[in-house]
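Each chain, written out:
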Protein chains: 2
Amino acid sequence: MPAFRIVVAAHGELASGLVAGARLICGELHHVQAIGLQPDESPEGYAERLAAACGEPGEPLLVLTDLVGGTPHNVAFALVRRRASAFLVSGVNLAVLIEAATSMDALDDDAVERLVAAGRAALSDAASLVASRNP
Amino acid sequence: MPAFRIVVAAHGELASGLVAGARLICGELHHVQAIGLQPDESPEGYAERLAAACGEPGEPLLVLTDLVGGTPHNVAFALVRRRASAFLVSGVNLAVLIEAATSMDALDDDAVERLVAAGRAALSDAASLVASRNP
């Protein structure tokens, strides 16, 4: 069980979809929560729900957002800035979520850097994986 | 309207969650389809549904998968390898999907390279966006 809480903040059903995808691969993930922005939800209402999912201010927290500039990211960013032990990675993909959710590392700048590197490495053109397209 | 079809191949509700998230931002996306691997679905059954969504072999096609090594990716990869005008990007995040879905570019190696670059740039540590954490 990792030593930090993970909250996925994303548009609509993407948040729960990411967590559902990770659960299909990893099994139950009690420390991971999805908070999806609903189509008609105000930023203020979303901020309340997100804060409630993020636990106590002193607790280590990783928030994964879908898109810089979107409401889920903006709200999460404001929340994370007010907390000393909170980190935020934007542009979440399934690799980042699984890597974070199964990590036994302490949550610090180095761990977050490794998460970003893992997510970026997972995001690739299949042509680079196969010689047949470029013989 | 882009000149190519996009299919998102991912675990469970992640596929539809990604497309729903993109629709919340971009509006209707008729050329984008989500094919999610169901928990009890066989690779063969999934391959049939994926092939049906991918249209005619000569048609330009972009498949976005969630995770290298997962069944959706493996099945999509086998399908894309058999088609000349099909491309595959793994590790999809919302930025890649939106960039692809709103692109007016022709689908070629350069366009795919730009998609991957956009997706990787969107995947970042928020600390790199804010001076307050590292004053």
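Predicted model only: the values in this text are computed from it and were never measured.

**Student:** What exactly am I supposed to notice about the overall build of chain A here?
**Tutor:** From N to C terminus, chain A includes five helices and five strands. Seen in sequence order, chain A has helices and strands lined up from the N terminus as β-α-β-α-β-α-β-α-α-β. In terms of overall size, chain A behaves like a compact globule, its C-alpha atoms giving a radius of gyration of 15 Å where 135 residues would be expected to give roughly 14 Å. Taking the principal axes of its C-alpha atoms as reference, chain A extends roughly 55 × 35 × 25 Å. Taking as baseline every contact in chain A between residues at least 6 positions apart, the subset at least 24 positions apart corresponds to 70%.

**Student:** Would you mind showing me how to read the relation of the copies chain B and chain A here?
**Tutor:** Here the second copy of the chain follows from the first by a rotation about an axis and a shift along it. Screw-axis analysis of chain B against chain A gives a translation of 0.0 Å along the axis, an RMSD of 0.0 Å, and a rotation angle of 180 degrees. On this basis, the relationship between the two copies can be described by a two-fold rotation axis. When the interface residues of chain B are mapped onto chain A, 100% of them again lie at the interface, so the same face is used by both copies.

**Student:** Just to check I follow, could you spell out the interface of chain B and chain A for this structure?
**Tutor:** Tallying the contact residues gives 48 residues for chain B and 48 residues for chain A. Taken together, the links from chain B to chain A amount to zero salt bridges. The interface formed by chain B and chain A includes 11 residue pairs in polar contact (both at pLDDT 80 or more). Classifying every residue of the side of chain B that touches chain A by side-chain character gives 29 nonpolar, 12 polar and seven charged. Pairing between strand S5 (residues 124-125) of chain A and strand S4 (residues 86-90) of chain B: two bridges, direction antiparallel. Note on S4(B): the bridge partner recorded for A:Ser124 is B:Ser90.

**Student:** I tried to follow a negative patch on the surface on my own but got confused; where do I start?
**Tutor:** A cluster of acidic residues, A:Asp108, A:Asp109, A:Asp110 and A:Glu113, forms a negative patch on the protein surface. Looking at where A:Asp108 falls in the secondary structure, it is placed in the loop between helix H4 (94-101) and helix H5 (109-122).

**Student:** Hey, could you run me through the pairing of strand S1 (residues 5-11) of chain B in this one?
**Tutor:** Consecutive side chains along a regular strand alternate between the two faces of the sheet. Residue and element names in this part refer to chain B. A large share of S1 lies buried, amounting to six of its seven residues. Direction of pairing for S1 relative to strand S3 (residues 61-65): parallel, over a ladder of five bridges. In the sheet register, Val 8 faces S3, and the bridge partner there is Leu 64. In this sheet, strand S2 (residues 32-37) lies alongside S1 in parallel orientation, the contact comprising six bridges. Paired with Ile 6 across the bridge in S2 is Val 32.

**Student:** What is the right way to look at helix H1 (residues 14-26) of chain B in this model?
**Tutor:** Since there are 3.6 residues in each turn of an α-helix, residues three or four apart along the chain are aligned in direction. Compared with the 18 Å implied by 1.5 Å per residue over 13 residues, the 18 Å span of H1(B) between its first and last C-alpha is a close match. Of all the residues in H1(B), the buried ones are B:Leu14, B:Ala15, B:Gly17, B:Leu18, B:Val19, B:Gly21 and B:Ala22. Contacts made by the buried residues of H1(B) are with strand S1 (5-11), helix H1 (14-26) and H4 of chain A together with S1, S2 and helix H4 (94-101) of chain B. In the stretch just after H1(B), B:Gly27 is the one whose phi turns positive, near 85 degrees.

**Student:** Where do I start with the confidence of the model for chain A in this structure?
**Tutor:** In low-pLDDT segments, the atomic positions of the prediction should not be examined closely. All names here are of chain A. Averaged over every residue, the pLDDT of chain A is 93; residues scoring 70 or more account for 93%. Within the model, the stretch residues 131-135 combines pLDDT values under 50 with nine contacts to residues more than four positions away or in other chains. Interface confidence for the predicted complex, expressed as ipTM, amounts to 0.93; the pTM equals 0.94.

**Student:** What should I look at first to understand the sheet that holds strand S2 (residues 32-37) of chain A in this one?
**Tutor:** Sheet strands associate in pairs through backbone hydrogen bonding, adopting either a parallel or an antiparallel arrangement. The mixed open sheet is built from five strands, whose spatial order is S2(A)-S1(A)-S3(A)-S4(A)-S5(B). With partners counted over all chains shown, the strands left at the sheet margins are S2 of chain A together with strand S5 (124-125) of chain B, one partner each. With respect to the sheet, helix H3 (residues 71-81) of chain A is in contact with S1, S2, strand S3 (61-65) and strand S4 (86-90) of chain A, its orientation differing from that of S4(A) by roughly 160 degrees.

**Student:** I'm lost on the sheet that holds S1(B) in this one. Help?
**Tutor:** Strand order in this open sheet of five strands is S5(A)-S4(B)-S3(B)-S1(B)-S2(B), and the pairing throughout is mixed. What marks the edges here is a single partner per strand, and that holds for S5 of chain A together with S2 of chain B.

**Student:** Quick question: what am I supposed to make of the packing of H4(A) against H5(A) here?
**Tutor:** The geometry of a pair of packed helices is captured by two quantities: the angle between their axes and the separation between those axes. All names here are of chain A. The interhelical angle for the contact between H4 and H5, taken along N-to-C directions, is 145 degrees, at an axis separation of 8 Å. Crossing of H4 over H5 shows right-handed handedness. Of H5, the residues touching H4 (which contributes Ala 95, Val 96, Glu 99 and Ala 100) are Leu 115, Ala 118, Gly 119 and Ala 122. Residue classes in the contact of H4 with H5 are distributed as six nonpolar, one polar and one charged.

Scoring rules and cut-offs
Here the residue numbering is sequential within each chain, running from 1 through the sequence in written order. Following the order in which they are written, the chains are lettered starting with A and the ligands numbered starting with 1. Thresholds applied to this predicted model are a pLDDT of at least 70 for local features of residues and 80 or more for the giving and counting of side-chain atom pairs; totals over whole chains, interfaces and linings are not thresholded and use all residues. Only heavy atoms go into the side-chain values, all of them from the structure, while hydrogens and water stay out. Secondary structure elements follow DSSP: runs of H or I of four or more residues count as helices, runs of E of two or more count as strands, with numbering from the N terminus. Note on method: radius of gyration uses C-alpha positions; expected globular size equals 2.2 Å times residues raised to 0.38. What makes two residues a contact is simply this: any of their non-hydrogen atoms within 4.5 Å. Superposing copies: least-squares fit, C-alpha atoms only, residues required to have pLDDT of at least 70 in both. Put simply, a salt bridge is a Lys or Arg side-chain nitrogen that is within 4 Å of an Asp or Glu carboxyl oxygen. In protein, a polar contact means a hydrogen-donor-capable atom and an acceptor-capable atom, both N or O and within 3.5 Å, with residues adjacent in sequence counting only if both atoms are side-chain atoms; elsewhere, any N or O pair within 3.5 Å suffices. Polar here means any residue outside two lists: the nonpolar Ala, Val, Leu, Ile, Met, Phe, Trp, Tyr, Cys and Pro, and the charged Asp, Glu, Lys and Arg; Gly therefore counts as polar. Strand pairing is assigned whenever DSSP identifies at least 2 bridges connecting the two strands. Only residues above 30% relative accessible area that lack a salt bridge enter a patch, with like-charged residues linked at up to 9 Å and the nonpolar side chains Val, Leu, Ile, Met, Phe, Trp and Tyr linked at up to 5 Å. Exposure was quantified through the Shrake-Rupley algorithm and a 1.4 Å probe, taking into account, for residues, occlusion by the shown protein chains and nothing else. Charge convention: Lys and Arg are scored as positive, Asp and Glu as negative, and His as well as the terminal groups of each chain are ignored. By convention, the point assigned to a charge is CZ for Arg, NZ for Lys, CD for Glu and CG for Asp. Each residue is placed in one exposure class: buried if its accessible area under a 1.4 Å probe, protein chains only, is under 20% of its type's maximum, exposed if it is over 50%, and partly exposed if it falls in between. Helix span, expected: 1.5 Å multiplied by one less than the number of residues in the helix. Residue-level confidence of the predictor is what pLDDT reports, using numbers from 0 through 100. Lines fitted to the C-alpha atoms define the axes, with helices restricted to the stretch that makes contact. Angles between their N-to-C directions range from 0 to 180 degrees. Left-handed is the label given to a crossing in which the near helix is rotated counterclockwise from the far helix by less than a right angle, and right-handed is the label when the rotation is clockwise.

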